[in-house]
Amino acid sequence: MLKRFSALSRLFLVLFCVLLTGCGASAPQADSDSACAEDSLSFVDYTRQGDGGGFAAGYYRLVPRADGSNNICFVDYQTRLQTFLCNRPECRHQDDTCPSWFPCSASGGTLFVSGGHLFYLSFGNRNPDIVASVGEDALPQLIQMDLSGAGREVLHIFSASDLIREGIVYDSSAIYFTCDSFENFEQNGNLPQRSLYQYDLGAKKLTKLKSLTINDQIIGACKREVILSAAAGAEDLSNAAEDLENTISCYNVDTGAEYTVLTHPFVAVGRVSDGYYYLYDPTTTALSRVNLSPGAQQEVIKKEVFGEAFLSYPYEVKAVFDHHLFVMYEIPKNEEWTDYSTSLQAIDLATGKARPITIRVKKSGGLAPAKEVEIVDESEDQFLVISSVEYYDVALPLNGGSVNLPYPYFHYSLIEKQDYYSSNPNYIPIEIMA
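The model shown is predicted, which means the values in this text are computed figures rather than measured ones. (Residues numbered from 1 in each chain as written. Predicted model: local features only at pLDDT ≥ 70, side-chain atom pairs only at ≥ 80, totals over all residues. Heavy atoms only, no water.)

Bringing the overall build of the protein chain into the picture now. The helix and strand tally for the protein chain stands at three helices and 33 strands. Scored against the burial criterion, the 434 residues of the protein chain give a buried share of 53%. When the accessible surface of the protein chain is summed, it comes to about 19200 Å², and 50% of that surface belongs to carbon and sulfur atoms. (Helix = DSSP H or I, 4+ residues; strand = E, 2+ residues; numbered from the N terminus. Buried < 20%, exposed > 50% of the residue type's maximum accessible area, 1.4 Å probe, protein only. Areas by Shrake-Rupley, 256 points an atom, 1.4 Å probe, with all protein chains shown as cover.)

Inspection of the secondary structure puts F123 in the loop between β9 (117-122) and α2 (128-134). With 13 residues separating them in the primary sequence, F123 and T110 have C-alpha atoms 8.0 Å apart.

Moving on, we get to the sheet that holds strand β18 (residues 225-230). The strand order across the open sheet formed by four strands is β17-β18-β19-β20, and the pairing between neighbours is antiparallel. Every other strand in the sheet has two partners, leaving β17 (217-222) and β20 (258-265) as the edge strands with one partner each. Taking the axes of each pair of neighbouring strands and ignoring which way they run, one obtains an average angle of 25° across the sheet. Sheet topology places β18 next to strand β19 (residues 245-252); six bridges connect them, and they run antiparallel. By the bridge assignment for β19, V226 is matched with Y251. (Pairing = 2+ DSSP bridges. Axes fitted to C-alpha atoms, helices over the stretch in contact; angles between N-to-C directions.)

With that settled, consider the pattern of salt bridges. Under the counting rule described, the total for this entry stands at 14 salt bridges. Linking E258 and K210 is a salt bridge whose minimum nitrogen-to-oxygen distance equals 2.7 Å. Placement of E258 in strand β20 and of K210 in strand β16 (residues 205-211) is noted, with a sequence separation of 48 residues between them. On the basis of relative accessibility, which here comes to 44%, the residue E258 falls in the partly exposed class. Residue classification places K210 among the buried positions, given a relative accessible area of 19%. Connected through salt bridges with shared partners, the residues E316, K318, E372 and E374 form a single ionic network. (Salt bridge = Lys/Arg side-chain N within 4 Å of Asp/Glu carboxyl O.)

The next point concerns the pairing of strand β31 (residues 401-416). Inspection of the sheet shows strand β30 (residues 382-398) paired to β31 by 16 bridges, in the antiparallel sense. Pairing of I386 across the sheet is with Y412, part of β31. Linking β30 back to β31 in an antiparallel pair, the connection comprises two residues, with N399 at a positive phi of about 50°. The sheet contact formed by β31 and strand β32 (residues 428-429) spans two bridges and is antiparallel. Counted as the bridge partner of S413 is P429 from β32.

Time to look at unusual backbone geometry. In terms of backbone geometry, most residues other than glycine have negative phi values and most peptide bonds are trans. At D274, a position not held by glycine, the phi torsion is positive, near 55°. Examined against the element boundaries, D274 turns out to sit in the loop between β21 (269-273) and β22 (276-281). A positive phi angle, near 50°, is found at D322, a position not held by glycine. Here D322 falls in the partly exposed class, since its relative accessible area comes to 28%.

Now for the confidence of the model for the protein chain. Averaged over every residue, the pLDDT of the protein chain is 87; the share at 70 or more is 88%. Note that pLDDT drops below 50 for residues 1-35; the model gives that stretch 112 contacts with residues more than four away or on any other chain. (pLDDT = per-residue confidence, 0-100. Contact = heavy atoms within 4.5 Å.)

This part takes up the side chain of S114. Tracing the backbone shows S114 in strand β8 (residues 109-114). In this structure the side chain of S114 is engaged in a polar contact, spanning 2.8 Å, whose partner is the backbone oxygen of D171. Sequence-distant contacts of S114, that is, excluding residues within four places in its chain, are made with F119, Y170, D171 and S172. (Polar contact = N/O pair within 3.5 Å; in protein donor to acceptor, adjacent residues only side chain to side chain.)

With that settled, consider the pairing of strand β26 (residues 324-332). Across five bridges, strand β25 (residues 315-321) lies against β26 in antiparallel orientation. Across the sheet, the residue bridging to Y315 is Y329, located in β26. Connecting β25 to the antiparallel partner β26 that follows it, the hairpin turn spans two residues, and D322 within it adopts a positive phi of roughly 50°.

Strand order across the open sheet formed by four strands is β8-β9-β10-β11, with antiparallel pairing between neighbours. Of all the strands in the sheet, just β8 and β11 (153-157) have a single pairing partner and so form its edges. Between one strand axis and the next, the sheet turns by 20° as a mean value, whatever way the strands run. When strand β10 (residues 141-146) meets β11, the two strands line up antiparallel, connected through four bridges. Paired with L142 across the bridge in β11 is H156.

If you want it as structure tokens, here you go:
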């Protein structure tokens with residue numbers, strides 16, 4: 001058994017099931033396996049780091065300004081340039097005359113590309129003081145625009161009682177997501193009502209597909225199915241994590257048919273990739289997979305990915321890139337567990353072989369500990385990574401004034417995949433254009 005499943009880790013997992021987690025937009029995960037057909041749904045993977053969404057030609061990112069407003073910028077993989085989503089050389093990119101500019105929303109959101117359009121789905125904010133200060137911009141909204149930023153259209157504005165969950169699925173004709181309604185919060189045992197929705201892009205119509213439990217969340221997609229995970233009882237902190245289970249199921253968006261893929265311990269962590277559900281169990285370090293089809297059997301890839309020493313450490317399972325699962329361990333430097341070193345491991349999903357990634361992000365001001373270099377997107381031969389981070393203050397409106405919050409600004413670079421796996425920091429910097 002793990003010697004330490006920390007209260008912080010448990011609280012994070014529970015809050016992940018109950019509340020909105022994370023503020024950044026995430027990159028869509030591309031299906032690279034023939035198991036998923038050409039008309040497959042795509043998934044905006046919230047387990048990826050970064051502040052935007054990638055597609056074949058580059059990466060769109062949403063960057064806050066000092067006054068709390070935002071700009072969409074585009075990272076071009078071919079030119080290795082980051083530019084504002086604006087074609088006016090004289091533009092200062094600070095108001096609604098600029099196609100890259102968005103007003104302050106004081107909430108997270110996600111960017112993704114589908115059907116030749118760029119979409120921004122803002123999640124909304126449940127803080128009544130912020131909503132009162134920001135106004136309608138604080139509400140969840142679905143916004144469509146051209147890839148250049150022009151032709152912006154607000155497709156739907158949700159109510160103040162709604163909160164969009166991370167984990168977005170889409171194709172060229174519709175967007176699928178979960179939404180929490182707080183309208184009957186107290187009558188519902190101080191829990192929101194979660195539902196699965198479809199937004200039809202052609203008809204411009206929002207439809208509720210089904211009611212969900214508070215523990216249901218979208219974790220992936222394959223073919224025409226949304227993959228859901230639910231851990232019954234996870235919202236009750238009196239339930240021991242070791243006694244809970246996750247149920248993984250598939251929901252067909254065309255027929256409404258559902259089936260269960262598998263049930264596994266709550267402390268084990270799964271990721272959807274290439275038509276499979278990959279399961280990593282930190283209590284044994286076993287890696288297995290299940291084909292996302294009815295009646296599929298669980299296959300063990302490797303019984304023990306790591307040695308016994310890794311069973312002692314807390315863990316974080318990250319995203320899948322290049323058919324590798326990335327797992328981060330925190331290794332205590334003393335018996336009191338007050339100081340740690342980190343160990344980022346890349347696990348080959350075909351063989352279960354792991355190799356350490358030792359390159360680290362440059363320290364911010366020489367004070368913050370160096371973090372592992374996170375992958376945010378990939379092309380055929382390269383990763384887009386966070387090569388350095390700096391912090392600056394962003395002013396958010398609040399109660400007639402403002403409050404300053406630190407914002408981590410990511411500096412991106414490209415790196416050859418083999419250099420990343422070999423921990424050679426041969427970065428190809430992305431130049432930022434004013």
